[in-house]
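# Understanding the architecture of this molecule
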Amino acid sequence: MILPVKIYGNEILRKKAEKITDFNEELEKLAKNMAETMYKAPGIGLAAPQVGVSKRLFVADISTQEKKDKLYILVNPEIIEFSEDKDKMEEGCLSIPNVYENVIRPIGIKIKAQNLKGEDFTLTVEGLLARCFQHELDHLNGILFVDRVSGFKKSILKSKLKKNFGVVY
Ligand code: ZN
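So, a few notes on the structure that sits alongside this text. Given the structure is predicted, the values throughout are model-derived calculations rather than measurements.

## A few points about the pattern of salt bridges
A side chain with one charge can pair with a side chain of the opposite charge if their charged atoms come near. By the definition in use, this model includes 8 salt bridges. Across the salt bridge formed by Asp-147 and Arg-14, the nearest N and O atoms sit 2.7 Å from each other. Taken together, the residues Asp-147 in the loop between helix H2 (128–140) and helix H3 (153–165) and Arg-14 in the segment before helix H1 (25–40) connect sequence positions 133 residues apart. Here Asp-147 falls in the partly exposed class, since its relative accessible area comes to 32%. The partner of Arg-131 in a salt bridge is Glu-91, with the nearest N and O atoms 2.7 Å apart. Remark: Glu-91 occurs in strand S4 (residues 86–91) and Arg-131 occurs in helix H2; sequence separation between them is 40 residues. Accessibility classification places Arg-131 together with Glu-91 in one group, the buried group. Several salt bridges share partner residues, and in doing so they unite Asp-87, Glu-91, Arg-105, Arg-131, Asp-138 and Arg-148 into one network.

Structure (structure tokens):
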């Protein structure tokens with residue numbers, strides 16, 4: 001089922017999402033619907049608050065649209081290590097349509113999470129996947145990629161957000 005995506009200006013995107021404690025069918029269904037919504041968009045990541053559920057879960061898949069075999073589902077994710085090296089890459093967000101900005105982030109991370117059964121796992125990732133995971137984890141803390149844009153670009157961005165969404169928050 002395709003879920004409606006909450007757009008910039010919606011309060012839920014600014015809330016800290018709650019830890020997931022019930023690993024049940026409902027959670028599985030939510031993850032499945034989120035993946036479907038992400039592929040349909042199309043996007044490479046989607047966090048639960050973006051579909052109106054304030055819980056610590058995100059899905060990600062950076063492979064091509066035809067090859068849907070690298071779906072990651074992370075429940076209660078936590079970054080336990082960041083690389084010292086950083087790089088800059090353009091980001092966008094399904095909740096902030098038509099806005100793309102360069103964001104500086106660590107190139108690699110080590111991330112701890114649970115699967116849909118509540119089992120722990122750890123991943124060490126870099127490049128686009130690491131960036132995607134950081135962007136999605138930010139969503140669980142009410143942080144949007146536009147918050148991470150700094151310098152002179154910030155004021156231009158703010159007026160663009162105001163113009164496109166009628167609000168800056
Ligand atoms: Zn996003």
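## With respect to the layout of surface pockets
Of the voids in this model, the largest pocket is the one considered here, and its volume is about 380 Å³. Ile-44, Glu-91, Gly-92, Cys-93 and His-135 are, among the 21 residues lining the largest pocket, the residues nearest its centre. At the level of secondary structure, the elements contributing two or more residues to the lining of the largest pocket comprise S4 and H2. Broken down by element, the residue count for the lining of the largest pocket peaks at 6 residues, all from H2. Of the residues belonging to the lining of the largest pocket, the class tally is 10 nonpolar, 7 polar and 4 charged.

## Remarks on H1
For H1, with 16 residues, the first-to-last C-alpha span of 22 Å sits near the 22 Å given by 1.5 Å per residue. Buried within H1 are the following residues: Leu-27, Leu-30, Ala-31, Asn-33, Met-34, Ala-35, Thr-37, Met-38 and Tyr-39. Here the buried face of H1 lies against strand S1 (45–47), strand S2 (57–60) and strand S3 (72–82). Its side-chain oxygen placed 3.3 Å from the backbone nitrogen of Glu-26, Asn-24 serves as the N-cap of H1.

## Observations regarding the coordination of the zinc ion
The coordination sphere of the zinc ion contains the protein donors Cys-93 (SG), His-135 (NE2) and His-139 (NE2), at a distance range of 2.0 to 2.3 Å. In primary-sequence terms, the residues that donate to the zinc ion follow C-x41-H-x3-H. Taken as a pair, Cys-93 in the loop between S4 and strand S5 (101–106) and His-139 in helix H2 lie far apart in primary sequence, 46 residues in all. Residue classification places Cys-93 among the buried residues on the basis of a relative accessible area of 10%.

## Some details on the pairing of strand S6 (residues 108–114)
Burial analysis of S6 places 5 of its 7 residues in the buried class, the great majority of the element. By the bridge criterion, 5 bridges tie S3 to S6 in an arrangement that is antiparallel. When the bridges of S6 are listed, Glu-81 appears paired with Lys-110. Note that S6 and strand S7 (residues 120–126) share 7 bridges and pair antiparallel.

## Quick notes on the side chain of Glu-91
Overall, the relative accessible area of 5% leaves Glu-91 in the buried class. A polar contact of 2.7 Å, which involves the side chain of Glu-91, links it to the side chain of Arg-131. Of the polar contacts made by the side chain of Glu-91, one reaches the side chain of His-135; its length is 2.9 Å. Beyond its immediate sequence surroundings of up to four residues, Glu-91 is in contact with Val-99, Tyr-100, Glu-101, Val-103, Arg-105, Arg-131, His-135 and Phe-145.

Definitions and cut-offs
- Going along each chain's sequence as written, the residues are numbered from 1 onward.
- Predicted model: local features are reported for residues with pLDDT of at least 70 only, side-chain atom pairs are reported and counted for 80 or more only, and whole-chain, interface and lining totals are derived from all residues.
- Side-chain calculation: all heavy atoms of the structure are included, whereas hydrogens and water are not.
- Here a salt bridge means any side-chain nitrogen of Lys or Arg lying within 4 Å of a carboxyl oxygen belonging to Asp or Glu.
- In this description a helix means any DSSP run of H or I spanning at least four residues, a strand means any run of E spanning at least two, and both kinds are numbered starting from the N terminus.
- Exposure is judged per residue with a 1.4 Å probe applied to protein chains only, and the accessible area is read against the type maximum: over 50% gives exposed, under 20% gives buried, and values in between give partly exposed.
- Note on definitions: the grid is 1 Å and covers protein atoms alone; a cavity is a set of points where a 1.4 Å probe fits but cannot get out; a pocket is an open set with protein on both sides within 12 Å along at least five of seven lines; lining residues have an atom within 4 Å of a point.
- Grid points are joined across faces, edges and corners, and a volume is the space filled by probe spheres set on the points.
- Nonpolar residues are Ala, Val, Leu, Ile, Met, Phe, Trp, Tyr, Cys and Pro. Charged residues are Asp, Glu, Lys and Arg, and all others, Gly as well, are polar.
- A helix's residues, less one, multiplied by 1.5 Å, set its expected span.
- Contact between two residues is taken to exist if any of their heavy atoms lie within 4.5 Å; hydrogens are not considered.
- We call two N or O atoms a polar contact when they sit within 3.5 Å, provided that within protein one can donate a hydrogen and the other can accept it, with sequence-adjacent residues counted only if both atoms are side-chain atoms.
- We call an atom a donor if it is N, O or S and sits within 2.8 Å of the metal, or 3.2 Å for Na, K and Ca. Water is not counted, so some sites may look partial.
- Note on pairing: DSSP must find at least two bridges between two strands before they are called paired.

What is shown is where atoms sit, not what they do.
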